[in-house]
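Residues per chain, in single letters:
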Amino acid sequence: MGHPPLMLRPPGGEGPPAPAGLEVTPVTTAGELEEFGSTLVEAFPVPQLAGRPYGGYGPALLDVPGWHMWVGRIDGRAVATAAVHVHAGINDVEWISTRPEARGRGVGAAVTWAATLADPTLPAMLIASDAGQPVYERMGYLRLTRFTLWYRDR
């Protein structure tokens, strides 16, 4: 799959205001989860999940303790996603995606801030892409190491 950087951000702080025209909202319903999943599949991209309802994640995900998701919308259209699993003393940031037409405007950073500060008393950790690493560094994330990830179908 690649050799991504593992990054850590100390607890606390606050993110900047969202870019003009961007609305970042939590995912709380099955319909919003389906929108989240389709946006993630198209924006990340995750082609192996294309065509699956909810992007391959069922509505039970909404009830997992500590699991939170956000969608970023411009003019009502979902253009970005972020998720976090708050557990074991950390904000485990996941599923950051931004559609190509919304990149370079702070949209990805805005949804990442929502996940990063889900519990502002805890540090946050994520696995970055090479393209995302500079964004996360500007947010105060520190690169700890690179490691190799493999992917295979179950």
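These lines cover the structure that appears in this document, whether it is placed above or below. (Residues numbered from 1 in each chain as written. Predicted model: local features only at pLDDT ≥ 70, side-chain atom pairs only at ≥ 80, totals over all residues. Heavy atoms only, no water.)

1. Observations regarding the overall build of the protein chain
When helices and strands are counted, the protein chain shows 3 helices and 7 strands. Listing each helix as α and each strand as β along the protein chain from the N terminus yields β-β-α-β-β-β-α-β-α-β. In terms of overall size, the protein chain behaves like a compact globule, its C-alpha atoms giving a radius of gyration of 15 Å where 154 residues would be expected to give roughly 15 Å. Taken along its principal axes, the extent of the C-alpha atoms in the protein chain is 40 × 35 × 30 Å. Put simply, the protein chain has 154 residues, and 40% of those count as buried. Total accessible area on the protein chain stands at roughly 8400 Å², and carbon and sulfur atoms take up 57% of it. Distance between charge centres in the protein chain, computed from 12 positive and 15 negative side chains, equals 7 Å. (Helix = DSSP H or I, 4+ residues; strand = E, 2+ residues; numbered from the N terminus. Rg over C-alpha atoms; globule rule 2.2 N^0.38 Å. Buried < 20%, exposed > 50% of the residue type's maximum accessible area, 1.4 Å probe, protein only. Areas by Shrake-Rupley, 256 points an atom, 1.4 Å probe, with all protein chains shown as cover. Lys, Arg positive; Asp, Glu negative; His and termini not counted. Charge placed at Lys NZ, Arg CZ, Asp CG, Glu CD.)

2. Some details on the sheet that holds strand β2 (residues 22-26)
Read across the open sheet, the 7 strands follow the order β2-β3-β4-β5-β6-β1-β7; overall the sheet is mixed. A strand with exactly one partner marks an edge of an open sheet, and here the two such strands are β2 and β7 (142-146). Sheet twist, expressed as the average angle between the axes of neighbouring strands with direction ignored, equals 25 degrees. Where strand β1 (residues 5-9) meets strand β6 (residues 124-127), 4 bridges bridge the pair, whose relative direction is antiparallel. Bridge pairing in β6 links Met7 to Leu126. (Pairing = 2+ DSSP bridges. Axes fitted to C-alpha atoms, helices over the stretch in contact; angles between N-to-C directions.)

3. Details of helix α1 (residues 30-43)
With 14 residues, α1 extends 20 Å between its outermost C-alpha atoms, agreeing within 8% with the 20 Å of an ideal straight helix rising 1.5 Å per residue. When α1 is considered as a whole, its buried residues turn out to be Leu33, Phe36, Gly37, Thr39, Leu40, Val41 and Ala43. Residues of α1 that are buried in the fold lie against β3 (67-74), β4 (77-87) and β5 (90-98). (Expected span 1.5 Å × (residues − 1). Contact = heavy atoms within 4.5 Å.)

4. Section: the packing of aromatic side chains
Geometrically, a pair of aromatic rings is defined through the distance of the ring centres and the angle of the planes. For the structure on display, the rule yields 3 aromatic pairs. Each ring, one from Phe36 and one from Trp95, has its centre 6.0 Å from the other, and the planes form 55 degrees; the classification is tilted. Here Phe36 is found in helix α1, whereas its partner Trp95 is found in strand β5, with 59 residues between them in sequence. Trp95 carries the same exposure label as Phe36, and that label is buried. For the ring pair Tyr136 and Tyr141, a centre distance of 5.9 Å and an interplane angle of 65 degrees mean the geometry is edge-to-face. Summarising the burial analysis for this pair, Tyr136 and Tyr141 share the class buried. Ring-pair connections join several aromatic residues into one group, and the members of that group are Phe36, Trp67 and Trp95. (Phe/Tyr/Trp six-rings, centres within 6.5 Å; stacked < 30°, edge-to-face > 60°.)

5. Quick look at unusual backbone geometry
With a phi angle near 55 degrees, Ala88 is a residue other than glycine that sits in the positive phi range. Along the chain, Ala88 falls in the loop between β4 and β5. Even without glycine at this site, Trp95 takes up a positive phi of about 50 degrees.

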